[in-house]
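A closer look at the structure
Residue-level listing of the chains:
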Amino acid sequence: MNWPYPNESALFGEETSDVLVLGGGLSGCFAAIAAAEKGKQVVLLEKGAVIRSGAAGTGFDHWEMACTNPGCLVRPEEMTAALYEEQCGYSNVIGHMIETSEGWDRLLDLEKWGGKIRDTEDEFAGAAFRDEKTKLMYAYDYTNRYTLRVWGTGFKPALLRRMRALGVRIFDRTEACTLLYRKADGVKQGVGAIGMDTRTGKVTVFRAKSTVLCMSRPARIWLFSPDTPGLSEFRPFQSIGSGHAMGYRAGMEFTMMEKSVRAEFSAAGRSFPPYSTGNNHNTWYAATMVDARGVEIPYVDRDGRILRTVDERYRPAPGQKFFLKGGVIDEPRYEWRGPETMPFDELMKRGYRLPFYADLSAMPEEERRVIWGMMVGEEAKTRIPVLDHYEKQGFDPEKHLLQSYGNGWQSASFLVQERQLFGAPGGVMHDWNLETNVRNVFAAGDMLFASDCAGHACATGHWAGRHAAAAADAAELLQPDRDFVYAERERLLRPLSVRDGMDWRELNAASAKLMQNYCGGVKNDALLSLGLQSIQELRERMLPEVSAANPHELVRLHEVSDILDVSELILQACMFRTADSAPLYFERSDARAENAALEDGFITIRREGGRAVKGFVPHTYAGDMLKGFEKHRGGLVR
Amino acid sequence: MTDEKFREDGLRFTAEVTGASVMPLKISGELCIGCCRCVNACQIDVLLPPEVPGEAPRVFYPGECWYCGACVMECPVPGAITLRHPLMNQAKFVEKKTS
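Residues numbered from 1 in each chain as written. Chains lettered and ligands numbered in written order. Predicted model: local features only at pLDDT ≥ 70, side-chain atom pairs only at ≥ 80, totals over all residues. Heavy atoms only, no water.

Moving on: the overall build of chain A. When you go through chain A residue by residue, the secondary structure sums to 14 helices and 21 strands. The C-alpha radius of gyration computed for chain A amounts to 24 Å, which stays within 12% of the reference 26 Å derived for 638 residues, consistent with globular compactness. Over its C-alpha atoms, taken along the principal directions, chain A stretches across nearly 70 × 60 × 55 Å. Residue burial in chain A is summarised as follows: out of 638 residues, 66% are buried. The contacts of chain A with a sequence gap of at least 6 include a subset with a gap of at least 24, amounting to 74%. Summed over all atoms, the accessible surface of chain A reaches about 21600 Å², with 48% contributed by carbon and sulfur. Side chains of chain A carry 78 positive and 87 negative charges; the gap between the two charge centres is 2 Å. (Helix = DSSP H or I, 4+ residues; strand = E, 2+ residues; numbered from the N terminus. Rg over C-alpha atoms; globule rule 2.2 N^0.38 Å. Buried < 20%, exposed > 50% of the residue type's maximum accessible area, 1.4 Å probe, protein only. Contact = heavy atoms within 4.5 Å. Areas by Shrake-Rupley, 256 points an atom, 1.4 Å probe, with all protein chains shown as cover. Lys, Arg positive; Asp, Glu negative; His and termini not counted. Charge placed at Lys NZ, Arg CZ, Asp CG, Glu CD.)

What follows is the structure, encoded as structure tokens:
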């Protein structure tokens, strides 16, 4: 049949603004709002539609590390230092200082614009996790209160209303494709981006004085299901790291791109949809778990002491100031290890039997309702597919046990070569202003290396938006290189004239398998070189063979093209690290152990003249975190 | 700016349903009022608007659904759209033994 939208592939648009924001998730919305509040003309591009776009488009339930909230007993610098220590220095001190110091301010912004952050209806009055005066509800560590339970399903609509009120010009259904820059006096300077309407095929040049990249972390690099591509990864299907790809093509500097972990989430077979099985992590923390006989599985503190009450699961151990849970934290070391169910091997020794189940009926009434109801209702993509769906099937948390699968409660079973960028993965290298090495181009949220969750996205987005506004004050609107713009447009639209070509899914499946083969659990130079060569072959020989019958298919193809670029970035970054690194989950069969100490820091990578260039930045590059924060916060008074 | 080269190509866009082993969405022809809010809430354009205005939208790219539920959340008619995960992804629950 005919495509239902007009064909505008012959048009070539041009738009100008002071500040251009690429990506309309949480970080992009806050960047746009911050710049607009400073009086700037702002344009925002969103591949989907802002109302529900991004990883938190349909909700999120935890606002983490809000250390300046009135109940919190942990200072921002104390939390940032803990995360730094916990991740052996492979942590983003700048991002975490912004997140821990200003996250609470962003939450107050959301409340002002109609978001719900308190139990105003007193649904949970008297609960251990609720502060009776402020009506704020806490998660994880009820003593130290750094993470809040929030009603995230309402946040994207609130941000959209605020942007409209400020006059931000929003281009929904517009894919950001190419970063535009000029080089003057040896310095690259961003001048805007090329975007394409995902329904009409209209290509537009968006010129701006400064640009903020607010796109996702890469995905579909190792994991791909040709049948259900939408379930390949944890994050939104169309969020695949185009910001990384366009940045790398433009010579932007990245770090930690050699880090990948054995996959934890993909609903395409190896695991279940997040938060949809019996478990006791994240949204479900700290659910009561039972074994096949109905015997309760004990929680223990960091010293192995069995916890007798539910309340103790939310409290630090004797002598411990606070524990770390949620966000980028997986299994913290002793100092910050929180309550956890007894280790699986120990349970097997003691005769506990699979399968395990979550048993909410055994919990205090408020704890049961806050998990099944509020949290499972507010977390991203759980309200409809999990809460609603299971209730329609008859699930009753007071009567039923929800099964978990496999050995434990991750309900996931991946092979070592099935990898994912998860748990503080690599991203853009940046300074205290969140500016990249391409002048006047800033980054926020998931674009940043070692990024965190929703609160981090909002706080860094706002920070980057403020600095992009200041940069726009000092910059002029420049013309991009005309030949480059025309060549890019030709590249973007060309697949529309390929007929009866290959399906984009075949190419994505090939690149994912290639990465499993050449960039799996254990790396070595020979395999990585073959990987680079194979990516090059796919790009040169196969990419031109793929056809697109309409702009929708064209977007999918652009994504695969970007995935090839990100794969190259990852392979190159792996080549640059020659010794093993446990904190980066990086292992080689040809590791040069003598280089381990030398390489203990941020190895950076950027492309220059068609070649990958290696750099090195010490762990401590952010300097004194309090001084850095105060100096760069942009004159705002707390 | 326009570019004559692309005009002369006379490209015509077409669309066919890209089949998958799953059907994430069921839209009730009876309940649907054809407002297409789901079409515009979907981040991926899994749905396309109907050829005849007022009819129900159509699922063109079922495999690309990431099961976020935005379409159901925006739908003004309860029950007009049903979202369900593939069978392999539906976890089992059992009644708690009271003994």
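From this point on, the discussion continues.
Domain annotation for chain A reports domain 1 (282-403) and domain 2 (492-600). Of note, the centres of domain 1 of chain A and domain 2 of chain A, computed from C-alpha atoms alone, are 37 Å apart. (Domains from an automatic or database assignment.)

To continue, consider the pattern of salt bridges. Residues and elements named next belong to chain A. The final tally for this structure, using the stated rule, is 54 salt bridges over all chains. With a shortest N-O distance of 3.0 Å, Glu77 and Arg75 are connected by a salt bridge. A salt bridge links Arg588 to Asp590; the nearest nitrogen and oxygen atoms lie 2.9 Å apart. Exposure remark for Arg588: the relative accessible area of 6% places this residue in the buried category. One salt-bridge network, in which partners are shared between bridges, spans Glu102, Arg106, Asp109, Lys112, Arg466 and Arg633. (Salt bridge = Lys/Arg side-chain N within 4 Å of Asp/Glu carboxyl O.)

Another point: the side chain of Glu64 of chain A. Residue and element names in this part refer to chain A. Within the secondary structure layout, Glu64 lies in the loop between strand E3 (62-63) and helix H2 (76-86). Buried Glu64, no salt bridge; nearest opposite-charge side chain is Arg235, N-O distance 8.8 Å. Those residues in contact with Glu64 that sit more than four places away from it in its chain are Glu99, Tyr140, Tyr146, Thr147, Gly326, Gly327, Asp452 and Cys453.

As a further point, take empty space enclosed by the protein. Residue and element names in this part refer to chain B. Going through the model one piece at a time under the given rule, you end up with nine cavities of 30 Å³ or more. Computed from the structure, the largest cavity encloses a volume of approximately 130 Å³. As for the largest cavity, its lining consists of 14 residues, and the residues nearest its centre are Cys42, Val46, Cys65, Cys68 and Cys71. (1 Å grid on protein atoms, 1.4 Å probe; cavity = no way out; pocket = protein on both sides within 12 Å on 5 of 7 lines; lining within 4 Å. Points joined across faces, edges and corners; volume = space filled by probe spheres on them.)

Turning our eyes to something else, we now look at helix H4 (residues 155-166) of chain A. All names here are of chain A. Over its 12 residues, H4 runs 17 Å from end to end, which matches the ideal 16 Å to within 8%, given 1.5 Å per residue. Listed as buried for H4 are Phe155, Lys156, Pro157, Ala158, Leu159, Leu160 and Met163. A positive phi of about 80° marks Gly167, the residue just after H4. (Expected span 1.5 Å × (residues − 1).)

Okay, the interface of chain B and chain A next. If you look at the interface, chain B gives 54 residues, while chain A gives 80 residues. Both sides of the chain B and chain A interface together cover about 5800 Å² of buried area, and 57% of this is carbon and sulfur. If you look at where chain B meets chain A, you find five salt bridges. Between Glu74 of chain B and Arg52 of chain A there is a salt bridge, and its shortest N-O distance comes to 3.3 Å. Across the chain B-chain A interface, the total number found is 31 residue pairs in polar contact (both at pLDDT 80 or more). Every element with two or more residues in the side of chain B that touches chain A is listed here: helix H1 (4-9), helix H2 (37-41), helix H3 (70-74) and strand E5 (93-95) of chain B. The element contributing the most residues to the side of chain B that touches chain A is H3 of chain B, with four residues. (Buried area = accessible area lost by both parts, 1.4 Å probe. Polar contact = N/O pair within 3.5 Å; in protein donor to acceptor, adjacent residues only side chain to side chain.)

Residues and elements named next belong to chain A. Counting through the fold element by element, Lys631 comes out in helix H14 (residues 625-632). According to the relative accessible area criterion, Lys631 is exposed, its value standing at 68%. Note: C-alpha distance between Lys631 and Trp432 (199 residues apart in sequence) is 8.9 Å.

The next thing to look at is the packing of aromatic side chains. Residues and elements named next belong to chain A. The tally for this structure, following the rule as stated, stands at 30 aromatic pairs over all chains. Ring plane angle 5° and centroid distance 4.1 Å describe the contact between Tyr142 and Tyr314, whose orientation is recorded as stacked. Of this pair, Tyr142 sits in the loop between strand E4 (138-139) and strand E5 (147-149) while Tyr314 sits in the loop between strand E13 (299-300) and strand E14 (340-341); the two residues are 172 residues apart in sequence, bridging distant segments of the chain. Taken as a pair, Tyr142 and Tyr314 share a single burial class, namely buried. Residues Trp372 and Phe395 carry aromatic rings whose centres are separated by 4.7 Å and whose planes lie at 65° to one another, so their mutual orientation is edge-to-face. Taken together, the positions of Trp372 in helix H7 (residues 365-378) and Phe395 in the loop between helix H8 (383-392) and strand E16 (400-403) put the pair 23 residues apart, joining distant regions of the chain. (Phe/Tyr/Trp six-rings, centres within 6.5 Å; stacked < 30°, edge-to-face > 60°.)

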